[in-house]
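Each chain is listed here by its residues.
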Amino acid sequence: MCHILPKGGYFMEIIEKIRIEDLNRRNSLVVKATFISVILATIVDIVMQKGLPIILSISVGGSIGVGIIAFMHYANKGRKYIPYFACVLVSIILYIIMQTSVSPVAFVLVYFVVATCAIYVDMRLLTLGFGLGLLMIGSFIYIHHSNLGLTIGNYGTILLLHTLVFILLSFQLQMSKKLTNDINTVQQQTADMLLQQQNN
């Protein structure tokens, strides 16, 4: 005897349950990503022989931030806010790394912020990551332009690449959402068809 998905509200409950489980998996991944970023920032500060106050501020402050995110995740408290909190925390940590190792290579760290936001396949979060990236790039250039040794054209290229990554990820996000919607539509149509056959 085959199991038939009921029509209507119960089917939507199943979809919502799947979405919550998917969000929990993504939150778990981001908890690990923020933890790695804190470790990376601490190692960079130690290698660069920064002062003890800076090292402690990164390690202790970052650990507290990761601890809050981890608590929210494992205690199922405000799971919908974890992505925003995590993306902002990662941005702050990586920006501090950029400030402690001033060089053109530091701009690469901005893409880790965008990648973290892209984990959730959500346009609002991706846009947040893009905006945070622009803020990081703009402030870093403003503060350290005299030490970077780059031309205006180089800065334009950096901003252009950042924008192109955002556009490409946006296209990918739209394609993924369309695929998800198509799958949900087929599942609903299949459930309706099986229910109709059973009634007949």
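On a predicted model such as this, the values are computed, not experimentally measured, just so you know.

Draft legend 1. Summary view of helix α4 (residues 109–118). Among all positions in α4, only Leu109, Val110, Val113, Val114, Thr116 and Cys117 are buried. One side of α4 carries all its buried residues, which in axial view fall inside an arc of 160°.

Draft legend 2. Broad picture of a nonpolar patch on the surface. There is a patch of nonpolar side chains on the surface, built from Leu52, Leu56, Val60, Ile64, Ile68 and Phe85 and spanning about 520 Å² of accessible area. With five residues, helix α2 (residues 52–74) is the largest single contributor of residues to the nonpolar patch. Within the element layout of this structure, Leu52 appears in helix α2.

Draft legend 3. Highlighting unusual backbone geometry. Phi is positive for Asn76, close to 55°, though the residue is something other than glycine. Position of Asn76 relative to the elements: it lies in the loop between α2 and α3 (82–100). On the accessibility criterion, Asn76 (45% relative accessible area) is partly exposed. Positive phi is not limited to glycine here, since Val121 has a value of about 50°. Among the structural elements, Val121 can be located in the loop between α4 and α5 (123–148). Accessibility expressed as a relative area gives 29% for Val121, which makes it partly exposed.

Draft legend 4. The nonpolar core, seen in detail. If you look at the biggest cluster of nonpolar residues, it comprises 38 residues, and the most contacted ones within it are Leu94, Met98, Phe107, Tyr120, Met136 and Phe140. At the level of elements, α1 (9–47), α2, α3, α4, α5 and α6 (152–199) are the ones that each hand at least two residues to this core. With five residues, the next largest nonpolar core counts Val114, Leu126, Phe130 and Leu173 among its residues.

Draft legend 5. Region of interest: α5. Here α5 spans only 32 Å end to end across 26 residues, well under the 38 Å set by a 1.5 Å rise per residue. When the local axis directions of α5 are compared, the greatest deviation, roughly 55°, occurs at Tyr142. Looking at α5, one finds that the buried residues are Leu125, Leu126, Gly129, Phe130, Leu132, Gly133, Met136, Ile137, Phe140, Ile141, His144 and Leu148. In this structure Asp122 caps α5, since a side-chain oxygen of it lies 2.9 Å from the backbone nitrogen of Arg124. Following α5 by one or two positions, Gly149 adopts a phi angle in the positive range, close to 70°.

Draft legend 6. Looking closely at the side chain of His144. Within the secondary structure, His144 is located in helix α5. Among all residues touching His144, those that are not within four sequence positions of it are Gln99 and Val102.

Draft legend 7. Layout of the packing of aromatic side chains. Throughout the structure, instances matching the rule amount to two aromatic pairs. Seen from their ring centres, Phe130 and Phe166 are 4.4 Å apart, and the 25° between their planes marks the pair as stacked. Pair noted here: Phe130 is in helix α5 and Phe166 is in helix α6, with a separation of 36 residues, a long-range link. Assessed through its relative accessible area of 14%, Phe166 is described here as buried.

Definitions and limits used
Residues numbered from 1 in each chain as written. Predicted model: local features only at pLDDT ≥ 70, side-chain atom pairs only at ≥ 80, totals over all residues. Heavy atoms only, no water. Buried < 20%, exposed > 50% of the residue type's maximum accessible area, 1.4 Å probe, protein only. Helix = DSSP H or I, 4+ residues; strand = E, 2+ residues; numbered from the N terminus. Arc of directions from axis to C-beta. Patch = residues over 30% accessible without salt bridge, like charges linked within 9 Å, V, L, I, M, F, W, Y side chains within 5 Å. Areas by Shrake-Rupley, 256 points an atom, 1.4 Å probe, with all protein chains shown as cover. Salt bridge = Lys/Arg side-chain N within 4 Å of Asp/Glu carboxyl O. Core = buried A, V, L, I, M, F, W, Y, C linked by side-chain atoms within 4.5 Å. Expected span 1.5 Å × (residues − 1). Bend = angle between axes of the 7 residues up to and from the residue. Polar contact = N/O pair within 3.5 Å; in protein donor to acceptor, adjacent residues only side chain to side chain. Contact = heavy atoms within 4.5 Å. Phe/Tyr/Trp six-rings, centres within 6.5 Å; stacked < 30°, edge-to-face > 60°.

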